[in-house]
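Structural overview for review
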Amino acid sequence: MRFLPVFLDLQSGVMLLVGAGDLARAKLRLLAAAGARVRWFATDGNHDLNGLEAADASRVELAHGDPLAAELDGVIAILCAGAGDIGVAMAARAKAVGLPINVMDDLAHSTFIFPAIVDRGDVVVAVGTGGASPVVARRVRERIEAALPARIGDLASFIGSFRKSIHARIGEFALRRRFWERVVDGPIGALVLAGRTDEAEAALKQISDPSAFAGANEQGKAEGRVTLVGAGPGDPDLLTIKALRALQDADVVFYDELVSPEILDRARRDASRVPVGRRVGKPGIGQEATNQLMIDAAKSGQRAVRLKGGDPFIFGRGGEEIEVLREAGVAYSVIPGITAGLGAAAQFETPLTFRHEALRITFLTAHKARDAETVDWSTLTDEKMTVVVYMGMTAAPSVRAGLLAAGRSPQTPVGIFARVTRPDAQAVVGTLEHLPSLIDKIDGGPAILIIGDVVTHSAPWRHSDLNQVLFEIMEAAE
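What you see is a predicted model, and the numbers here were worked out from it, not measured in a lab.

Each value, and the rule that gives it
Residues numbered from 1 in each chain as written. Predicted model: local features only at pLDDT ≥ 70, side-chain atom pairs only at ≥ 80, totals over all residues. Heavy atoms only, no water. Axes fitted to C-alpha atoms, helices over the stretch in contact; angles between N-to-C directions. Helix = DSSP H or I, 4+ residues; strand = E, 2+ residues; numbered from the N terminus. Parallel < 35°, antiparallel > 145°, perpendicular 65-115°, else oblique. Left-handed = near helix turned anticlockwise from the far one by under 90°. Contact = heavy atoms within 4.5 Å. Nonpolar A, V, L, I, M, F, W, Y, C, P; charged D, E, K, R; others polar. Pairing = 2+ DSSP bridges. Phe/Tyr/Trp six-rings, centres within 6.5 Å; stacked < 30°, edge-to-face > 60°. Buried < 20%, exposed > 50% of the residue type's maximum accessible area, 1.4 Å probe, protein only. Lys NZ or Arg CZ within 6 Å of the ring centre and 35° of its normal. 1 Å grid on protein atoms, 1.4 Å probe; cavity = no way out; pocket = protein on both sides within 12 Å on 5 of 7 lines; lining within 4 Å. Points joined across faces, edges and corners; volume = space filled by probe spheres on them. Core = buried A, V, L, I, M, F, W, Y, C linked by side-chain atoms within 4.5 Å.

Between helix 12 (residues 287-299) and helix 13 (residues 318-327), the shortest axis-to-axis distance is 10 Å and the interhelical angle comes to 50 degrees. If you check the angle between helix 12 and helix 13, you find them oblique. Here helix 12 runs over helix 13; the crossing is right-handed. Residues Gln-287, Thr-290, Asn-291, Met-294 and Ile-295 of helix 12 lie in contact with helix 13, whose contacting residues are Glu-320, Glu-321, Val-324 and Leu-325. For the contact of helix 12 with helix 13, the class distribution of residues is four nonpolar, three polar and two charged.

Now for the sheet that holds strand 12 (residues 332-335). Strand order in the open sheet made by the five strands is 10-9-11-8-12, with parallel pairing throughout. Each edge of the open sheet carries a strand with a single partner, namely strand 10 (272-275) and strand 12. Sheet twist, expressed as the average angle between the axes of neighbouring strands with direction ignored, equals 20 degrees. Here six bridges tie strand 8 (residues 225-230) to strand 11 (residues 303-308), and the two strands are oriented parallel to one another. By the bridge assignment, Val-229 is partnered in strand 11 with Leu-307. Together, strand 8, strand 9 (252-255), strand 10 and strand 11 form the strand contacts of helix 12, whose direction differs from that of strand 9 by roughly 170 degrees.

A separate point is the packing of aromatic side chains. Enumeration over the complete set of coordinates arrives at seven aromatic pairs. Aromatic side chains Phe-158 and Phe-162 sit 5.2 Å apart centroid to centroid with 50 degrees between the ring planes, which places their arrangement in the tilted category. Highlighted residues: Phe-158 and Phe-162, both in helix 5 (residues 152-167), separated by four residues, approximately one helical turn. On the basis of relative accessibility, which here comes to 5%, the residue Phe-158 falls in the buried class. In this structure an aromatic cluster arises from ring pairing among Phe-179, Trp-180 and Phe-213. A cation over a ring is seen here: Lys-27 above Phe-114, with NZ or CZ 4.5 Å from the ring centre.

What follows is about the environment of Gly-215. Mapped onto the fold, Gly-215 is located in the loop between helix 9 (210-213) and strand 8. Note on Gly-215: relative accessible area 36%, which makes it partly exposed. Spatially, the C-alpha atoms of Gly-215 and Ile-188 are 16 Å apart, while their sequence positions differ by 27 residues. With near-sequence residues (within four places) excluded, Gly-215 lies in contact with Leu-175, Lys-221 and Glu-223.

Taken as a whole, the largest pocket encloses approximately 2300 Å³ of empty space. Residue lining of the largest pocket: 50 residues in total, with Pro-5, Phe-7, Val-124, Ala-126 and Val-127 positioned closest to the centre. Those elements giving two or more residues to the lining of the largest pocket turn out to be helix 1 (21-33), strand 6 (116-120), strand 7 (123-127), helix 5, helix 6 (173-185) and helix 10 (241-249). When residues in the lining of the largest pocket are grouped by element, the largest group, seven residues, is from helix 6. Residues belonging to the lining of the largest pocket are distributed by class as follows: 32 nonpolar, seven polar and 11 charged.

Looking now at unusual backbone geometry. Look at the link from Gly-445 to Pro-446: it is a cis peptide, with omega at 5 degrees. With respect to the helices and strands, the residue Pro-446 is situated in the loop between helix 17 (435-439) and strand 17 (447-451). Positioned with a positive phi, Arg-419 is a non-glycine residue whose angle comes to about 50 degrees. With respect to the helices, strands and loops of the structure, Arg-419 is situated in the loop between strand 15 (413-418) and strand 16 (426-431). The class for Arg-419 is buried, based on a relative accessible area of 9%.

In this section: the nonpolar core. Grouped together as the largest cluster of nonpolar side chains are 23 residues, with contacts concentrated most on Ile-416 and Leu-435. Once residues within four sequence positions are removed from consideration, Leu-435 is found in contact with Ala-396, Val-399, Arg-400, Val-414, Ile-416 and Leu-449. Counting residues in hydrophobic clusters, the runner-up holds 21 residues, among them Ile-159, Ile-170, Trp-180 and Ala-214.

What follows is the structure, encoded as structure tokens:
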């Protein structure tokens, strides 16, 4: 993020506009609509204010002379639009005195840029692309315009009118936030958005105990809880709506190493982020320490999220953690996530079941070779069973040996699917007898092994089969 979004107080000074033509007038209309006082140097001498409302036009000062010699006292920012070479010179002057400047379509000489704006009164949404693509910003703005309630600004104003009085009655900061979350998400907020502000005001005034309304415990403190959240295999767009809501509400997030930064970025900006996971061969803080961190957070009144790659209940120790939380008397809930096996199946078109071919699925983990040695491979020899192995790269030789010794065919199709749903996802397919050498072709995990005839339906298998046909055609031609 090169440009930090900020909101400039237009009541604190004057905006200096330099330029002419349609570009300058478009910026003039934008500034006037926002209530700014504008000092306009029309570089072509044409100060045409047609199209502006009288009230807006009254805040525009028509300036004459050389803008490069203009007095800058009281100016809070400079905007150049359709200014030609003067824009570059104004940029040098602005930077010399520390004033923000935007030279339209010239990032090199600008210290701020104009975003695409969604204006709902007290609620303003700014969308920027760092100046790279105004069209993309406009398209995003259009989607936000369509999704954002028309009266969302009224809701912000409504809350603002009661904020001080409510805060005077709720001493704890966490309870204040939860109070307003209940207002916004509940019937009172719905009344405001429906234009029934009088009814909403009456309902708010009927709340006799704001702390209790916010969910305070018997001691008047915020009630803590832990939510186990499945982050999915890596693609942030695969987060469930419920998972996203939990991340937005969290005070602290305890996350695994396999959780991608893009997913972690979906958490509330001021939430604490605490890494508690570990990767193969690297030390972690340990499960007992993780359990205690969750308990301590909840008992201090925080809303904690235990963010896990994939799904909490599929090789994620979610079951162990809720048992510990239950014994500690901590409130908890679980939000499922898309497990990596399903992510791999979807991305690489590998159906885990297939009519008449694959009627059963077994999920197992083989984190280390000794894990594979404890598996009863004799139960996995059915040709109509798909075997999905989590964390199986290191133990691949043991997986191969176990299945072959139990009687599974060496020609059984296998697929290794690494970093599934992420931009750097990778797939290698082959047969069970060559599994260890296939692993060597993978550029690092995490990876899922899928073993069974269903792999022949996958996109990588079809692609490799086509390559083999082309190779045979070329060999015959020679």
